[in-house]
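Breakdown of the fold
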Amino acid sequence: MPDSASKTSLTFNDVKDAQKRIAATIARTPTISNVALSRLTEAEIIIKLENLQAIGSFKERGAANRMALLTPEERRRGVITVSAGNHAQGVGRQASLLGVEATIVMPRFTPATKVAATQSWGARVVLAGENFDEAVKTAEKIRQEEGQTLIHPFNDPAVIAGQGTCALEMIEDAPDLDAIVVPIGGGGLMAGFVTVLKELSPKTKLYGVQVEGYSPLGAYPEPLRSVPGGSTIAEGIAVVQPGHHCLDVIGRNLDGVFVVNELQVESAITTLAEKARQVGEGAGATPLAAILANHDLFRGKKVGFPISGGNINARILAHVILRSLLREGRILRLIFQIPDRPGLLAAISEKIGSYGGNIIEVSHHRLFAAPSVQTAELVVMIEARDTEHALEIERELSRHYHVERD
């Protein structure tokens, strides 16, 4: 995707203009306090619910602003972009509203659910390349052959201005925040927040957050560092290098950049669902992960963050929650070596129930796992109220049976 090397020009008025431009198609999402998260973090937590946008993400803000600026000739030729998720849907929806043809190039590994969601807006989807960079090459080839206008996912001043409307609404609704934490992938959302806070709330501290495998700003304000990449639950910010337009705006205007790991993000997704009753995708949960990991820094402060997106596969969400519960000890997986005789499974189930445990899953093995033909291995997954209750159940069962925790 070709970029200009000139210094980026972006003003607060650009964001204000974008707010007017996109108002007809983009929701003004709620900015709310959350008591459960506030009690957990010992801070006053304010969340901006971008997961409630039509496509479930803030990304459509930038797409809407950039596409509203298309000339009649550009509309006639259509638009093209590269995205594996939220930006693709944003461009697809805006193109359908404008009556513009849209081509979305997505890497071949893109989940079928995201491909289908993008196609549902009438966009032409081209699957090409093993990763984002390879998909970019295909998009550029198509653009040169067919003449579409590129709608960049983040590295475009008009896209940044659109993303900045999220910050503008948040500050208008919660003007007295001590700090805001924002995820950084390509950098468009953070550049928008920088632009707005410099004008409206310069005393509010602004922190970025990235995930371990994709943390080129992890040594901020030191220069960009190379990153290993790889699989991540926070695929929405899995960007090797932010856009230069975004970096121009961000400059040295941040108060720090946190780096969180995969398990911290998984726990934050679970906490959002359980405590805040909000579905957040990996990238959308990273600010909470950073706040939880830096408890002392934020204790007693009024802290805001956007849930930037809620597009997480239902199966992945279920797995994440179960993995978090296992790590916290609220789900036990116990292995029993028991005599192979009738009625023992029922007796064990009754005991677990008497201790207040809820059996989620049972598997009974006679042929392969058992050490003797006269014994069986019983694997039971049990839900407990909390960690202490789980330990109590395990302790009581161990008094009667040979039990090991898996």
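The following paragraphs examine the structure supplied in this document.

Thresholds, definitions, all that
- Residues numbered from 1 in each chain as written.
- Predicted model: local features only at pLDDT ≥ 70, side-chain atom pairs only at ≥ 80, totals over all residues.
- Heavy atoms only, no water.
- Helix = DSSP H or I, 4+ residues; strand = E, 2+ residues; numbered from the N terminus.
- Buried < 20%, exposed > 50% of the residue type's maximum accessible area, 1.4 Å probe, protein only.
- Contact = heavy atoms within 4.5 Å.
- Lys, Arg positive; Asp, Glu negative; His and termini not counted.
- Charge placed at Lys NZ, Arg CZ, Asp CG, Glu CD.
- Pairing = 2+ DSSP bridges.
- Axes fitted to C-alpha atoms, helices over the stretch in contact; angles between N-to-C directions.
- Salt bridge = Lys/Arg side-chain N within 4 Å of Asp/Glu carboxyl O.
- Parallel < 35°, antiparallel > 145°, perpendicular 65-115°, else oblique.
- Left-handed = near helix turned anticlockwise from the far one by under 90°.
- Nonpolar A, V, L, I, M, F, W, Y, C, P; charged D, E, K, R; others polar.

**With respect to the overall build of the chain**
Broken down by element type, the chain carries 16 helices and 14 strands. Dimensions of the chain, computed from C-alpha atoms along their principal axes, come out at roughly 80 × 50 × 40 Å. Here the chain holds 406 residues, and the buried ones make up 53% of them. In the chain, once contacts between residues fewer than 6 apart in sequence are set aside, the share between residues at least 24 apart is 72%. Averaging the locations of the 42 positively and 46 negatively charged side chains of the chain gives two centres separated by 2 Å.

**Considering the sheet that holds strand E9 (residues 256-260)**
Pairing within the open sheet is mixed, and its 6 strands lie in the order E1-E2-E10-E7-E8-E9. Every interior strand has two partners, whereas the edge strands, strand E1 (31-33) and E9, have only one. Within the sheet, the average angular offset between the axes of one strand and its neighbour, ignoring direction, is 25°. Here strand E7 (residues 179-183) pairs with strand E8 (residues 205-211) via 5 bridges, running parallel. Directly across from Ala179, in E8, lies its bridge partner Lys205. Strands E8, E9 and strand E10 (302-306) of the sheet are contacted by helix H11 (residues 262-276), whose axis makes an angle of about 90° with E9.

**Some words on the pattern of salt bridges**
Note on pairing: side chains with opposite charge can pair once their charged atoms come close. Counted under the stated rule, the structure contains 25 salt bridges. One salt bridge in this structure joins Arg124 and Glu146, with 2.8 Å as the shortest N-O distance. Taken as a pair, Arg124 in strand E5 (residues 124-127) and Glu146 in helix H7 (residues 132-146) lie far apart in primary sequence, 22 residues in all. For Glu146, a relative accessible area of 42% translates into the label partly exposed. Via salt bridges that share partners, Lys48, Glu50, Arg61 and Glu169 belong to a single interconnected network.

**Considerations on the packing of helix H3 (residues 59-68) against helix H5 (residues 86-98)**
Pairs of packed helices are described in terms of their axes, by the angle between the two and the distance that separates them. Viewed as axis vectors pointing N to C, H3 and H5 meet at an angle of 40°, and their least axial separation amounts to 8 Å. One finds that H3 runs oblique with respect to H5. Here H3 and H5 pass one another in a crossing that is right-handed. Of H5, the residues touching H3 (which contributes Lys59, Glu60, Ala63, Ala64 and Met67) are Asn86, His87, Gly90, Val91, Arg93, Gln94, Ala95 and Leu98. Taken together, the residues of the contact of H3 with H5 sort by class into 6 nonpolar, 4 polar and 3 charged.

**A closer look at unusual backbone geometry**
Cis geometry is adopted by the peptide bond preceding Pro221, which originates at Tyr220 and carries an omega value of 10°. For Pro221, the location among the structural elements is in the loop between E8 and helix H10 (244-250). Despite not being glycine, Glu42 has its phi angle at roughly 60°, a positive value. Here Glu42 lies in the loop between helix H2 (35-41) and strand E2 (44-48).

**Things to note about the packing of helix H8 (residues 157-173) against helix H9 (residues 188-200)**
Taken N-terminus to C-terminus, the directions of H8 and H9 make an angle of 50°; their axes are 7 Å apart at the nearest point. Overall, the two elements H8 and H9 adopt an arrangement that is oblique. Here H8 and H9 pass one another in a crossing that is right-handed. Taking contact as the criterion, the partners of Ile160, Gln163, Gly164, Cys166, Ala167, Leu168, Met170 and Ile171 in H8 are, on H9, Gly188, Leu189, Ala191, Gly192, Phe193, Val196, Leu197 and Leu200. Taken together, the residues of the contact of H8 with H9 sort by class into 12 nonpolar, 4 polar and no charged.

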